[in-house]
Amino acid sequence: MNFGTALKDWRIRRHLSQLDLALRAGTTQRHVSFMESGRSLPGRGMVLRVAESLELPLRERNGLLYTAGFAPSYPETRLDSPAIKPVLDGLRRLLDGHRPYPAIVVDRYGVLVAKNDAFGLLTEGVAPELLEEPVDTLRLALHPEGMAPRVRNLDDWARHILERIRNDLARNPDDRLAAQLAELESYLPPASPPAPDHLGFAVPVRLSTSVGELRLITAITTFATAADVTVSELKLETFLPADAETAEALLQTADADS
């Protein structure tokens, strides 16, 4: 795909007119039109400006640069590189500080990067092969031999997971993520309509465990100012008790382990 076609596709996907994009990028509608038609070849700075204006993830910004004939601007550091160790060390401190509540770090595709000890409570009874590295936490959540049989509100919880993936794909197409979505959908029967009161303040997962039913909500944290593709795609997912009973059960579990 050439730059002009890629730019137009991203602009349409973001529901922006040429004028909207021009105003965001500090240029003219005429220049945007010429770039999309191939009548004007942008410099690296302009490509980066329109990529930022389109709110593209760093991986996609590199891709747009490539279509314009430029080398990537954002490095993609391996997780085992010493350069990324301070980031992972900081995340592990956050994981430890979140105990006795479960917490994990995953990459763009839900592959487990790090976890705290409390996460083991969520994976009780799952098939051992689902916990072999690399662990796909999306598969772990919805696979019939994963967490799914113990999720008391599987329809609502699965809908929450699948809608999040669909929304991501709508903004940022990705063949691997699309294949993951198809796999996850194959594990589930057709979804029933949402219950009238299913929203509340958040969608909890109601999980049967050895310490009783836990009701947990999730919060996802990312690096807003990341300049490395790998770091920008890391997500810290923390599980928080949705009621006092869950909080007490997790505290007692931590006391018993200490």
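These figures come from a predicted structure and were not determined experimentally.

A. Looking closely at the sheet that holds strand 4 (residues 212-221). Across the sheet, five strands lie side by side as 2-1-5-4-3; this open sheet has antiparallel pairing. Looking at the sheet topology across the chains shown, the edges are occupied by strand 2 (112-115) and strand 3 (205-209). Between one strand axis and the next, the sheet turns through 30° on average, direction left out of account. In the sheet, strand 1 (residues 103-106) pairs with strand 2 via three bridges, with the strands oriented antiparallel. Note on strand 2: the bridge partner recorded for Val105 is Ala114. Along the sheet, helix 6 (residues 85-98) contacts strand 1, strand 2 and strand 5 (235-241); its crossing angle with strand 5, the most-contacted strand, is approximately 5°.

B. Representation of the nonpolar core in the model. Core analysis: the biggest nonpolar cluster contains 36 residues, and Leu122, Leu140, Leu142, Trp157, Ile161, Ile165 and Leu216 have the highest contact counts within it. Secondary-structure elements contributing two or more residues to this core are strand 1, helix 7 (137-142), helix 8 (154-171), helix 9 (175-186), strand 3, strand 4 and helix 11 (244-257). Considering each element in turn, this core owes the most residues, six residues, to helix 8. Setting aside its immediate chain neighbours within four residues, Ile165 contacts Leu138, Leu177, Leu181 and Leu184. With 18 residues, the next largest nonpolar core counts Phe3, Ala6, Ala25 and Met35 among its residues.

The rules behind the values
- Residues numbered from 1 in each chain as written.
- Predicted model: local features only at pLDDT ≥ 70, side-chain atom pairs only at ≥ 80, totals over all residues.
- Heavy atoms only, no water.
- Pairing = 2+ DSSP bridges.
- Helix = DSSP H or I, 4+ residues; strand = E, 2+ residues; numbered from the N terminus.
- Axes fitted to C-alpha atoms, helices over the stretch in contact; angles between N-to-C directions.
- Contact = heavy atoms within 4.5 Å.
- Core = buried A, V, L, I, M, F, W, Y, C linked by side-chain atoms within 4.5 Å.
- Buried < 20%, exposed > 50% of the residue type's maximum accessible area, 1.4 Å probe, protein only.

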